[in-house]
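# A look at the structure
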Amino acid sequence: MIFHGQIGRKCEILPARDFVMLERFNVMSGKQARAMIRRGEWTGPTAALAPGFVQANLVIVPSGAAGDFLEFCRRNPRPCPLLEALPPGEARPSEKWASGADLRTDIPRYRIYENGVPTGEVPEIRDRLTDGLSAFLLGCSFSFDAGLQRVGIPVRHVECGRNVPMYVTNIPCEPAGIFSGPMVVSMRPLPEERVAEASEITRRLPLAHGAPVQIGNPGAIGIRDLEAPDYGDPVEIRPGEVPVFWACGVTPQAVAAAARLPLMITHAPGCMFITDCRAEALEFIDE
């Protein structure tokens with residue numbers, strides 16, 4: 001199916017100042033990006049930062065619910081590709097992912113949920129990650145955006161400096177303990193002739209959600225209006241392009257919120273944790 005016309009806000013040409021900033025990001029390492037975030041110099045979505053480095057979703061739940069959450073991730077690896085489960089109260093991921101990192105300070109914004117309801121966003125969580133909470137890092141589709149761009153496949157949300165659009169679907173996840181709910185997907189509009197190539201590139205990265213779950217037919221997965229994403233920003237779909245949908249790491253956030261945990265902390269949508277690992281190192285790793 002080819003979509004004609006424009007869906008979502010038209011992408012405006014970035015000012016020269018922003019192009020200079022993008023050039024800076026293109027040579028930035030994951031460690032440099034985290035340092036900039038820790039200093040409070042970047043507070044928005046991370047899609048354009050440190051291209052080629054693995055980005056991760058953060059979910060922090062009460063330690064009593066951590067076993068169920070871990071099992072939910074194991075049963076639903078497409079939307080919840082588990083990178084690391086940290087011990088209770090631990091804020092420093094393993095050296096494998098990010099040397100010297102601190103999950104309390106190295107994400108642009110954190111979202112706080114109480115009894116399943118978002119109650120605000122904060123720039124750091126130094127006093128909140130206690131022994132009663134356990135943190136999880138999950139793979140993110142931002143990890144493969146640079147690989148698509150490297151071969152000339154457009155990534156609209158990066159080009160426009162926006163967050164990727166995300167939608168709740170009718171695809172059920174396999175329940176585990178107190179956690180259940182539908183899959184959330186992210187969408188990238190791609191030229192029809194490049195879809196197979198993009199699918200193959202992303203298929204090789206199962207820890208970044210792998211291949212698309214749906215191509216060209218949003219209604220088939222319960223999406224009624226591409227202009228009204230449940231999370232993120234709408235983007236333009238140009239003539240000859242099709243919407244392509246990947247499983248999304250907002251899924252575990254949504255199901256954890258539905259479980260009405262007394263406290264949960266996540267990254268704000270699009271504001272990911274950036275690791276020191278290059279995306280190509282994830283190819284065909286499934287554990």
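Residues numbered from 1 in each chain as written. Predicted model: local features only at pLDDT ≥ 70, side-chain atom pairs only at ≥ 80, totals over all residues. Heavy atoms only, no water.

Packed helices, taken two at a time, are described by the angle their axes make and the gap between the axes. The interhelical angle for the contact between helix α4 (residues 142-150) and helix α6 (residues 195-203), taken along N-to-C directions, is 135°, at an axis separation of 10 Å. In terms of orientation, α4 lies oblique with respect to α6. Once α4 is placed against α6, the crossing between them reads as right-handed. The residues of α6 that touch α4, namely those facing Phe144, Gly147 and Leu148, are Ala198, Ile201 and Thr202. Classifying every residue of the contact of α4 with α6 gives 4 nonpolar, 2 polar and no charged. (Axes fitted to C-alpha atoms, helices over the stretch in contact; angles between N-to-C directions. Helix = DSSP H or I, 4+ residues; strand = E, 2+ residues; numbered from the N terminus. Parallel < 35°, antiparallel > 145°, perpendicular 65-115°, else oblique. Left-handed = near helix turned anticlockwise from the far one by under 90°. Contact = heavy atoms within 4.5 Å. Nonpolar A, V, L, I, M, F, W, Y, C, P; charged D, E, K, R; others polar.)

Here we take up the confidence of the model for the protein. Mean pLDDT over the protein stands at 89; residues scoring 70 or higher make up 89%. Confidence drops under pLDDT 50 across residues 1-6; counting only partners more than four residues distant or on other chains, this segment forms 22 contacts. Within the model, the stretch residues 12-23 combines pLDDT values under 50 with 6 contacts to residues more than four positions away or in other chains. (pLDDT = per-residue confidence, 0-100.)

Right, let's get into the nonpolar core. By size, the foremost hydrophobic cluster in this structure holds 50 residues, and its most contacted members are Leu58, Ile60 and Phe273. If you list the elements that add at least two residues to this core, you get β1 (53-62), β3 (110-114), β5 (133-139), α4, β7 (182-191), α6, β9 (241-247) and β11 (273-278). Top contributing element to this core by residue count: β1, with 4 residues. Filtering out sequence-adjacent residues up to four positions away, Leu58 remains in contact with Leu103, Ile107, Tyr110, Ala135, Phe136, Leu137, Gln253, Ile265, Thr266 and His267. (Core = buried A, V, L, I, M, F, W, Y, C linked by side-chain atoms within 4.5 Å. Buried < 20%, exposed > 50% of the residue type's maximum accessible area, 1.4 Å probe, protein only.)

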